[in-house]
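Architecture at a glance
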Amino acid sequence: NAGVTQTPKFQVLKTGQSMTLQCAQDMNHEYMSWYRQDPGMGLRLIHYSVGAGITDQGEVPNGYNVSRSTTEDFPLRLLSAAPSQTSVYFCASKPLAGGYLGNEQFFGPGTRLTVL
Amino acid sequence: AQSVTQPDIHITVSEGASLELRCNYSYGATPYLFWYVQSPGQGLQLLLKYFSGDTLVQGIKGFEAEFKRSQSSFNLRKPSVHWSDAAEYFCAVTSEGGYNKLIFGAGTRLAVHP
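Residues numbered from 1 in each chain as written. Chains lettered and ligands numbered in written order. Predicted model: local features only at pLDDT ≥ 70, side-chain atom pairs only at ≥ 80, totals over all residues. Heavy atoms only, no water.

Some words on the overall build of chain A
Along its length, chain A carries zero helices and 11 strands. Helices and strands appear in chain A in the N-to-C order β-β-β-β-β-β-β-β-β-β-β. When the backbone C-alpha atoms are referred to their principal axes, chain A occupies close to 45 × 30 × 25 Å. Classification of the 116 residues of chain A by burial places 47% in the buried group. Taking the contacts inside chain A whose residues are at least 6 apart along the sequence as the reference set, 55% of them involve residues at least 24 apart. A total of about 5,200 Å² of accessible surface is found on chain A, and carbon and sulfur atoms cover 53% of it. Each charge class in chain A was averaged separately, 8 positive and 8 negative side chains, and the resulting centres sit 11 Å apart. (Helix = DSSP H or I, 4+ residues; strand = E, 2+ residues; numbered from the N terminus. Buried < 20%, exposed > 50% of the residue type's maximum accessible area, 1.4 Å probe, protein only. Contact = heavy atoms within 4.5 Å. Areas by Shrake-Rupley, 256 points an atom, 1.4 Å probe, with all protein chains shown as cover. Lys, Arg positive; Asp, Glu negative; His and termini not counted. Charge placed at Lys NZ, Arg CZ, Asp CG, Glu CD.)

This is the structure:
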């Protein structure tokens, strides 16, 4: 299993440009999520999904869109990038079966995004 | 609202010394608590978790953590640190309600001197 994969690893954008960060998992996990990591702030939840066709907002959703058309993929879209979106982005997934509250989330390697 | 506080931003220890990383949480009910480690340029890896039972939990890489409800703490410990333990450590708690939204602390960066 590849686990959780993210592409690209690095990206530089200009203000106003759009792009999509890709996330895929091959573990058949129902739950997928996007976090951003900023120095001194830990990880903050952007959006999450509990299955295909179901998404919801996290703590910092403004400026980001998501969709979940398949179990495997959960792309994150920046429609008009801003310097405040410079960050490291992590995708994570976990199963919802059993005691889901305690289930481990598996994280991808991250995408480092710089917006100029 | 739930929150996680990691009071120490940076900690430096000598190789072979013991380690304790502090974590305090704010949560209304019985929390689900996690410690993750992030090596430079990598994603996060789960070290251990607690949600019921024995308050001293063992994790991978020789780490353990103790849940103390009276102190709202979940401190991470290791008796003898190795140079490869240099990384950033995050404590996290499950948010109340919903599908396990994790609330993370700001992290503690550990440096290990030879």
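So much for the structure itself; the text now carries on.
Observations regarding the pairing of strand β12 (residues 108-113) of chain B
Residue and element names in this part refer to chain B. Side chains Thr108, Leu110 and Val112 project from β12 onto a buried face, and the interleaved Arg109, Ala111 and His113 project onto a face without burial. Bridge count for strand β2 (residues 10-14) against β12 is five bridges, and the pairing is parallel. Bridged to isoleucine 11 within β12 is leucine 110. Where strand β10 (residues 87-94) and β12 come together, three bridges link them in antiparallel fashion. (Pairing = 2+ DSSP bridges.)

Concerning the environment of cysteine 91 of chain A
All names here are of chain A. Its location among the elements puts cysteine 91 in strand β9 (residues 87-94). The class for cysteine 91 is buried, based on a relative accessible area of 0%. For cysteine 91 and arginine 112, which are 21 residues apart along the polypeptide, the C-alpha to C-alpha distance reads 12 Å. Other than its neighbours up to four places away in sequence, cysteine 91 contacts Val4, Gln6, Cys23, Met32, Ser33, Trp34, Phe106, Phe107 and Gly108.

Focus: the pattern of salt bridges
Inspection of the entire model under this criterion finds seven salt bridges over all chains. Among the salt bridges present, the one from aspartate 85 of chain B reaches lysine 78 of chain B, with a minimum N-O distance of 2.8 Å. By relative accessible area, which is 4% here, aspartate 85 of chain B ends up buried. The closest approach of N and O atoms between arginine 109 of chain B and glutamate 88 of chain B, which form a salt bridge, is 2.9 Å. Highlighted residues: arginine 109 of chain B in strand β12 and glutamate 88 of chain B in strand β10, separated in sequence by 21 residues. Using a relative accessible area of 40% as the deciding quantity, one classes arginine 109 of chain B as partly exposed. Residues joined in a network through salt bridges with shared partners are Arg36, Asp38 and Arg44 of chain A. (Salt bridge = Lys/Arg side-chain N within 4 Å of Asp/Glu carboxyl O.)

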